[in-house]
Amino acid sequence: MKKALITGVTGQDGSYLAELLLSKGYKVYGLIRRTSVPNMTNIGHLVNEIELISGDLTDQGSLIAAVQKSQPDEIYNLAAQSFVSASWPQPVLTGQVTGLSVTNMLEAIRLVKPDAKFYQASSSEMFGKVVETPQKETTPFYPRSPYGVAKVYGHWITVNYRESFNIFGCSGILFNHESPRRGLEFVTRKITDAVTQIKLGLAKELRLGNLDAKRDWGFAGDYVKAMWLMLQQEQPDDYVVATGETHSVREFVDIAFSHVGLNYEDYVVVDPQFFRPAEVELLLGDSQKAQEKLGWKPEVSFEQLVHMMIDADLERYKAQLK
């Protein structure tokens, strides 16, 4: 039986990946950080099927202990301070958790389980102020936030351990991927949650920043398949994972409101406080390499994704209101 260790198992990607690996017969371990109120929302239905190990990415000793205990064949490093906006007021924390801690995990692998295959969650935010469109594996990075900078560090340290210590390390440069399990602070889920509240008479408006920012949005459930496929290859490599389509925040808002029979222009207020200090205007990924070498392709369309998120939020609120 194959064994996998997932950091960030309680997050959106971690929960979908855990489901995928369990369906393939893996023994799944999840690294979980101690908090006063554990957040098990995304993995509540999996708690009896996965083994949770207490640890923290910034605590080297706890990672060594986690790798010793789980003896994993595969390690997926999905934990991070992953909210771009929060990286401005907390730049040092973001650097430690999202950047430096990747080295902590790679060191744990080097010392304890050097034959483990390692997946690093890189990000399209590394491209930032893009120098070419669409962005592919060879596109130079130009990050525009402390989060993007930290992800670049995590990406390159993974390359260095691969080339220096022969560790099977892959980075997936994932473009935006969403789902009903997305945190409420992210713009997509903020939109679907607000649309649901407005539809049910619980709210009157939705305040947003730059409606013209464009992103390449896919479904998280599709993207975790690409993570797994990377670690099944004979040679480690880095891959862009994206849909190859770009949509504006305005389009997302329009589809979301239309799905519940409302016109977004009646409810959306543009609020300057939600603009970033340095805006990333356009992200669009070219996943040709992943499609050719991994046999991966996105299955859920943009419109299906928005509808899926709205429907899930409607169900959740209706259950709460009963």
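In case you missed it, the structure is sitting above this.
Residues numbered from 1 in each chain as written. Predicted model: local features only at pLDDT ≥ 70, side-chain atom pairs only at ≥ 80, totals over all residues. Heavy atoms only, no water.

Asks: Please set out the overall build of the chain residue by residue, giving values where relevant.
Replies: Across its full length, the chain carries 9 helices and 13 strands. Each principal axis of the C-alpha atoms in the chain carries an extent, and together these give about 60 × 50 × 40 Å. The burial tally for the chain puts 52% of its 322 residues in the buried class. A separation threshold of at least 6 residues defines the contact pool for the chain, and within that pool the share at least 24 residues apart is 78%. In the structure as shown, the chain presents an accessible area of about 14,100 Å², 50% of it carried by carbon and sulfur atoms. Distance between charge centroids for the chain: 4 Å, based on 33 positive and 39 negative side chains. (Helix = DSSP H or I, 4+ residues; strand = E, 2+ residues; numbered from the N terminus. Buried < 20%, exposed > 50% of the residue type's maximum accessible area, 1.4 Å probe, protein only. Contact = heavy atoms within 4.5 Å. Areas by Shrake-Rupley, 256 points an atom, 1.4 Å probe, with all protein chains shown as cover. Lys, Arg positive; Asp, Glu negative; His and termini not counted. Charge placed at Lys NZ, Arg CZ, Asp CG, Glu CD.)

Asks: How would you summarise the pattern of salt bridges if you had to cite specific residues and measurements?
Replies: By the definition in use, this model includes 18 salt bridges. Among the ionic pairs, Glu-51 bridges to Lys-27, the shortest N-O distance being 3.1 Å. Residue Glu-51 is located in strand β3 (residues 51-54), and its partner Lys-27 is located in strand β2 (residues 27-32); the two are separated by 24 residues in the primary sequence. Owing to a relative accessible area of 25%, Glu-51 belongs among the partly exposed residues under this scheme. A network of salt bridges, in which partner residues are shared, links Arg-189, Asp-193, Asp-313 and Arg-316. (Salt bridge = Lys/Arg side-chain N within 4 Å of Asp/Glu carboxyl O.)

Asks: Could you give an account of the nonpolar core, with specific residues and numbers?
Replies: Ile-6, Leu-17, Leu-21, Tyr-76, Tyr-119 and Ile-191 are the most contacted members of the largest nonpolar core, which totals 61 residues. The dominant element in this core, judged by the number of residues it contributes, is helix α6 (residues 220-230), at 8 residues. (Core = buried A, V, L, I, M, F, W, Y, C linked by side-chain atoms within 4.5 Å.)

Asks: With reference to specific residues and values, describe the packing of helix α2 (residues 60-70) against helix α3 (residues 91-112).
Replies: Axes are the key here: two packed helices are described by the angle between their axes and the distance separating the axes. Their axes nearest at 9 Å, the elements α2 and α3 cross at an angle of 45°. Taken as axis vectors, α2 and α3 run oblique relative to one another. Read as a crossing pair, α2 and α3 show a hand that is right-handed. Contact residues: Gln-60, Leu-63, Ile-64, Val-67 and Gln-68 in α2; Ser-101, Asn-104, Met-105, Glu-107, Ala-108, Leu-111 and Val-112 in α3. Looking at the contact of α2 with α3 residue by residue, the classes come out as 7 nonpolar, 4 polar and 1 charged. (Axes fitted to C-alpha atoms, helices over the stretch in contact; angles between N-to-C directions. Parallel < 35°, antiparallel > 145°, perpendicular 65-115°, else oblique. Left-handed = near helix turned anticlockwise from the far one by under 90°. Nonpolar A, V, L, I, M, F, W, Y, C, P; charged D, E, K, R; others polar.)

Asks: Account for the sheet that holds β2, with residues named and values stated.
Replies: Pairing between the strands of a sheet comes from backbone hydrogen bonds, and it takes one of two forms, parallel or antiparallel. If you walk across this open sheet you meet the 7 strands as β3-β2-β1-β4-β5-β6-β11, and the pairing is parallel. Bordering the open sheet on either side are β3 and β11 (239-241), each of which pairs with just one other strand. Ignoring which end each strand starts from, the neighbouring axes of this sheet average 25° apart. As judged from the 6 bridges shared by strand β5 (residues 117-123) and strand β6 (residues 169-174), these two strands associate in the parallel manner. By the bridge assignment for β6, Ser-122 is matched with Ile-173. Contacting β4 (74-77), β5, β6 and β11, α6 crosses the sheet at an angle of about 160° to β6. (Pairing = 2+ DSSP bridges.)

Asks: Describe helix α5 (residues 187-199), with residues and values.
Replies: A rise of 1.5 Å per residue sets the reference length of α5, with its 13 residues, at 18 Å; its end C-alpha atoms lie 18 Å apart and thus fit the reference within 8%. Residues of α5 that are buried include every one of Thr-188, Arg-189, Ile-191, Thr-192, Asp-193, Ala-194, Val-195, Thr-196 and Ile-198, and no others. In this structure, the buried side of α5 is in contact with β7 (177-178), β8 (206-208), α7 (249-259) and α9 (302-321). Positioned one or two residues after α5, Gly-201 has a phi angle of 80°, which is positive. (Expected span 1.5 Å × (residues − 1).)

Asks: Go over the packing of aromatic side chains, please, and point to the residues and values.
Replies: Going through the model one piece at a time under the given rule, you end up with 12 aromatic pairs. Taken together, a centroid distance of 5.5 Å and an interplanar angle of 75° make the contact between Tyr-16 and Phe-219 edge-to-face. You can see Tyr-16 sitting in helix α1 (residues 12-23) and its partner Phe-219 sitting in strand β10 (residues 218-219), a full 203 residues away along the chain. A single burial state applies to Tyr-16 and to Phe-219, both of which are buried. Through pairs of rings, three or more aromatic residues link up here, namely Phe-127, Phe-141, Trp-156 and Phe-175. (Phe/Tyr/Trp six-rings, centres within 6.5 Å; stacked < 30°, edge-to-face > 60°.)

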